[in-house]
Amino acid sequence: MSIKSQSNGILLNVTWKPASIYGLPDATLYNTKMSFEKKTMSFDVALPSLTLSGPHKVTGRILLLPITGSGPSKIVLTNATLHIAMNWPIHVGADGKEYVSVGDGEVKITRCDLLEIELQGLFNGHKVLGAEMNKILNQNWRLLHQELSPSVANRIFEEFRKVIEILLKNVPVTDLFAP
């Protein structure tokens, strides 16, 4: 999973291989709206805590300060709300039945009460510089959230799409929307 940003004093490229996302089972869906005519839907997702962790590799600049390194990482969003809007085209499967797929979509992180970042292995493992950079990142979490949330939200949508596609490819429309 990769996140890139380049604006407002932030030039950042972070890659996780592999990336683990925790907290989705605790999500609450609400404000669900669906149009059968337009084949669109939107909903909000409340997440008490969303954690991204895994080995990272980072390069770039934060507030004119260089950042580089690789190692374990943990990023936690507290009380986050996502708004998801997407279309769901229908296609005919090999069996002649109609199936829904996840089409284009957009995710916005509309709320986040706190963003906590811990990147280990910064500056070739230099403990003092790494601790200071993590301190700077966490002191400027609102700016980071503002700049990185579009990339993070898009990555969350891609993961969401993978999971939902697995479910949808096996259930015909007639069964999915049965009365």
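Use the structure listed above.
Being a predicted model, the structure only gives us computed values, none of them experimental. Residue indices begin from 1 for each chain and proceed along its sequence in written order. Totals for whole chains, interfaces and linings use every residue, but because this is a predicted model, local features are given only for residues with pLDDT of at least 70 and side-chain atom pairs only at 80 or more, for both listing and counting. Only hydrogens and water are set aside; all other atoms, that is, all heavy atoms of the structure, feed into the side-chain values.

Participant: Can you lay out the overall build of the protein for me, pointing to particular residues and giving the numbers?
Facilitator: Put simply, DSSP marks the helices as runs of H or I at least four residues long and the strands as runs of E at least two long, and each gets a number from the N terminus on. Counting its secondary structure elements, the protein contains three helices and ten strands. Ordered by position in the sequence, the α and β elements of the protein form the string β-β-β-β-β-β-β-β-β-β-α-α-α. Overall size of the protein, expressed as C-alpha extent along the three principal axes, is 60 × 30 × 30 Å. Long-range contacts, defined as pairs at least 24 residues apart, comprise 66% of the intrachain contacts of the protein with a sequence gap of at least 6. Accessible area for the protein stands at about 10,400 Å²; split by element, carbon and sulfur atoms hold 56% of it. Measuring between centres, the 18 positive side-chain charges of the protein sit 7 Å from its 16 negative side-chain charges. We call two residues contacting when some pair of their heavy atoms lies within 4.5 Å. For the area figures, the Shrake-Rupley method with a 1.4 Å probe applies, and any residue is considered shielded solely by the protein chains shown. This count recognises Lys and Arg as positive and Asp and Glu as negative, with His and chain-terminal groups excluded. A charge is said to be at NZ when it belongs to Lys, at CZ for Arg, at CG for Asp and at CD for Glu.

Participant: Hey, could you go over the pattern of salt bridges for me, with residue numbers and the actual values?
Facilitator: The rule for a salt bridge is simple: a side-chain nitrogen of Lys or Arg has to be within 4 Å of a carboxyl oxygen of Asp or Glu. The final tally for this structure, using the stated rule, is two salt bridges. Notably, a salt bridge pairs arginine 111 with aspartate 113, separated by 2.7 Å at the nearest N-O pair. Categorising residues by exposure relies on relative accessible area from a 1.4 Å probe, with only protein chains included: less than 20% of the type maximum marks a residue as buried, more than 50% marks it as exposed, and the intermediate range marks it as partly exposed. The exposure class assigned to aspartate 113 is partly exposed, which follows from its relative accessible area of 36%.

Participant: Any chance you could break down the side chain of serine 53 for me, citing the residues and the numbers?
Facilitator: Topologically, serine 53 is positioned in strand β5 (residues 40-62). Serine 53 gets classed as buried once you look at its relative accessible area, which sits at 18%. With residues near it in sequence (within four places) discarded, serine 53 still touches Trp16, Pro18, Ala19, Ser20, Tyr22, Ser73 and Lys74.

Participant: Outline empty space enclosed by the protein, supporting the account with residue identities and numerical values.
Facilitator: Think of a 1 Å grid over just the protein atoms. A cavity is a set of points where a 1.4 Å probe fits yet cannot get out, a pocket is an open set with protein on both sides within 12 Å along at least five of seven lines, and lining residues have an atom within 4 Å of a point. Grid points are joined across faces, edges and corners, and a volume is the space filled by probe spheres set on the points. Scanning the entire structure with this criterion turns up one cavity of 30 Å³ or more. Reported here for the largest cavity is a volume of approximately 310 Å³. Taken together, 24 residues line the largest cavity, and the ones lying closest to its centre are Ile3, Trp16, Ile75, Leu148 and Val152. Among the elements of the structure, β2 (10-16), β5, β6 (65-87), β10 (114-119) and α2 (141-168) are those that each provide at least two residues to the lining of the largest cavity. For this classification, Asp, Glu, Lys and Arg are treated as charged, while Ala, Val, Leu, Ile, Met, Phe, Trp, Tyr, Cys and Pro are nonpolar and the rest, including Gly, are polar. Residues that form the lining of the largest cavity fall into these classes: 21 nonpolar, three polar and no charged.

Participant: Explain the layout of surface pockets residue by residue, including any values.
Facilitator: Empty space within the largest pocket amounts to approximately 440 Å³. Put simply, the parts of the chain that give the lining of the largest pocket at least two residues each are β4 (28-35), β5, β6 and α2. Looking at the lining of the largest pocket, the element that brings in the most residues is α2, giving six residues. The residue inventory of the lining of the largest pocket, partitioned by class, reads 21 nonpolar, one polar and one charged.

Participant: Describe α2, listing the residues and the values that go with them.
Facilitator: Taken as a whole, α2 carries its principal kink of about 50° at leucine 148; the proline proline 150 stands between one and four residues after it. For α2, the complete set of buried residues consists of Trp141, Leu144, His145, Glu147, Leu148, Ser149, Ser151, Val152, Ala153, Ile156, Phe157 and Leu168. Two axes enter the definition of the bend at a residue: one is fitted to the seven residues ending there, the other to the seven starting there, and the bend is the angle between them.

Participant: A description of the pairing of β4 should follow, citing residues and the corresponding values.
Facilitator: By the convention used here, strands pair only if DSSP detects at least 2 bridges between them. Relative to β5, β4 is paired through six bridges, and the arrangement is antiparallel. Paired with tyrosine 30 across the bridge in β5 is aspartate 44. Between β4 and β5, which follow one another and run antiparallel, lie four residues, and lysine 39 among them has a positive phi close to 60°.

Participant: Give a description of the packing of aromatic side chains that names residues and reports values.
Facilitator: Classification of ring pairs uses Phe, Tyr and Trp, with its six-membered ring standing for Trp, and accepts pairs whose centres are within 6.5 Å; under 30 degrees between planes counts as stacked, over 60 as edge-to-face, and the remaining range as tilted. Applying the stated criterion across every chain, the model contains one aromatic pair. Ring geometry for phenylalanine 36 against tryptophan 88: centres 5.8 Å apart, planes inclined by 85°, an arrangement best described as edge-to-face. A residue pair is termed long-range when its members are at least 10 positions apart, and phenylalanine 36 in the loop between β4 and β5 and tryptophan 88 in the loop between β6 and β7 (90-92) qualify at 52 residues.

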